[in-house]
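Below are the chains, spelled out letter by letter.
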Amino acid sequence: MNLKLFSRNAGWTLGVLLCANAAQKGTSPGPQPAPAVIGWYNGDGQSGLPAQPNWYFKEGEFSRVYDDFVVPAGGWTVLGLFSNNRMDFSGVTRAAWEIRRDMAPGKGGKKVASGLSRATQVLIPGQTPLPGDPTLAYRIQVDGLHVRLAPGRYWLSVAPIGRGGYVNGGAWYLEATLGKNAVGDPPGNNGRALVSKTTLGMKFVDADSISQTGQFGKGHDFSQGAIIDAAASNKQQ
C-alpha cells in the first residue's frame, strides 16, 4: 500500500469523523488555525545583483536591511515574517525582526513591533552554489506572531541571529531581487531599502548608495515577506 496515500486518506477520514461527531453533539470540532497567506513578498533572490550583509548578534552589533511594504485598506494581522538569504551556515534557530514606519535615508522613523523570536531555516528548492560562491539560499522564517497593522507604509527587517562574518565563515547576505514572483505592494521595484551596519557606523543609509554594481545592476530591493491572516484582513475591508 502507498503509505503517503494511506496517510492522506486516513487524515481526511479522521477529519470527517471529528466533524460528524461534533455535529451530532451540537458542538464544533474546536478552534481551527488561521488561514495564512502571503500578504507581501518583494520577490525571489536574483543572482547578478549584490546582496547585503544581514545578521544580528546583539543590540549595537548587527547588519540589517529594511525594505518597504504597503498595508492596504482594512489593515493586516501579521502571523509570520521571513527573509531569503545566501548563507554558508545552517542551524539558525532564532531571528531578530522589526517593523517600522516613517523611515527615510538617515531617519529610523518609529518602531511599530519587534522581537527576538524562534525561527526556522529552510533550504530554498532549486538553489545551488554559484561559481566561486559556496553559499546556499535559505529562508529564515518567524511564525506564531499576531501583529495588527493599520493601513499604511511600513519597513521590514528579518535577520538571522548570529555573528555574521565570524561564525563558520559567516557569509550571511540578504538576497537582492528584481521582483520575480512578487506579491503585494510594492513588487520589488521601488528601491526604497535602507541599511544599518553598526560595524561601519551606518544608520538607515539608502541601499543604492552603498551597493556595488553587479551583472544586473545595483541591489535596490531585497527578498523579504509578510504572512498574514487572510480571514481577519478580509473582515476589515
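Heads up: these notes are all about the structure in this document. (Residues numbered from 1 in each chain as written. Predicted model: local features only at pLDDT ≥ 70, side-chain atom pairs only at ≥ 80, totals over all residues. Heavy atoms only, no water.)

## A word on the pairing of strand 4 (residues 61–71)
One face of the sheet, then the other: side chains in a regular strand alternate in exactly this way. Burial of strand 4 is extensive: 11 of the 11 residues sit out of reach of the surface. Looking at chain direction, strand 3 (residues 55–58) and strand 4 are connected through three bridges and run antiparallel. Paired with Lys58 across the strands is Glu61, a residue of strand 4. Connecting strand 3 to the antiparallel partner strand 4 that follows it, the hairpin turn spans two residues, and Gly60 within it adopts a positive phi of roughly 95°. Bridge count for strand 4 against strand 14 (residues 194–197) is four bridges, and the pairing is antiparallel. Within strand 14, the position partnered with Val65 by the bridge is Val195. Judged from the five bridges that link them, strand 4 and strand 11 (residues 152–160) form a sheet pairing that is antiparallel. When the sheet's bridge partners are listed, Val71 is paired in strand 11 with Gly152. (Buried < 20%, exposed > 50% of the residue type's maximum accessible area, 1.4 Å probe, protein only. Helix = DSSP H or I, 4+ residues; strand = E, 2+ residues; numbered from the N terminus. Pairing = 2+ DSSP bridges.)

## A few points about the side chain of Ser117
With respect to the secondary-structure elements, Ser117 resides in strand 7 (residues 110–118). The residues contacting Ser117, other than those within four sequence positions of it, are Thr93, Arg94, Ala95, Trp97 and Val142. (Contact = heavy atoms within 4.5 Å.)

## Focus: the packing of aromatic side chains
Counted according to the given criterion, the structure contains seven aromatic pairs. Residues Tyr56 and Phe62 carry aromatic rings whose centres are separated by 5.9 Å and whose planes lie at 10° to one another, so their mutual orientation is stacked. Of the two residues, Tyr56 and Phe62, both sit in the buried class. Between Phe69 and Tyr154, the aromatic rings sit 5.8 Å apart at their centres with planes inclined by 25°, giving stacked as the arrangement. Of this pair, Phe69 sits in strand 4 while Tyr154 sits in strand 11, placing them 85 residues apart in sequence. Judged by its relative accessible area of 0%, Phe69 falls in the buried class. By the ring-pair criterion, three or more aromatic residues cluster together here, those being Trp40, Phe69, Trp76 and Tyr154. Of note, Arg139 hangs over the ring of Tyr41, and the distance from its end group to the ring centre comes to 5.5 Å. Residue placement shows Arg139 over the ring face of Phe82; its charged tip is 3.8 Å from the ring centre. (Phe/Tyr/Trp six-rings, centres within 6.5 Å; stacked < 30°, edge-to-face > 60°. Lys NZ or Arg CZ within 6 Å of the ring centre and 35° of its normal.)

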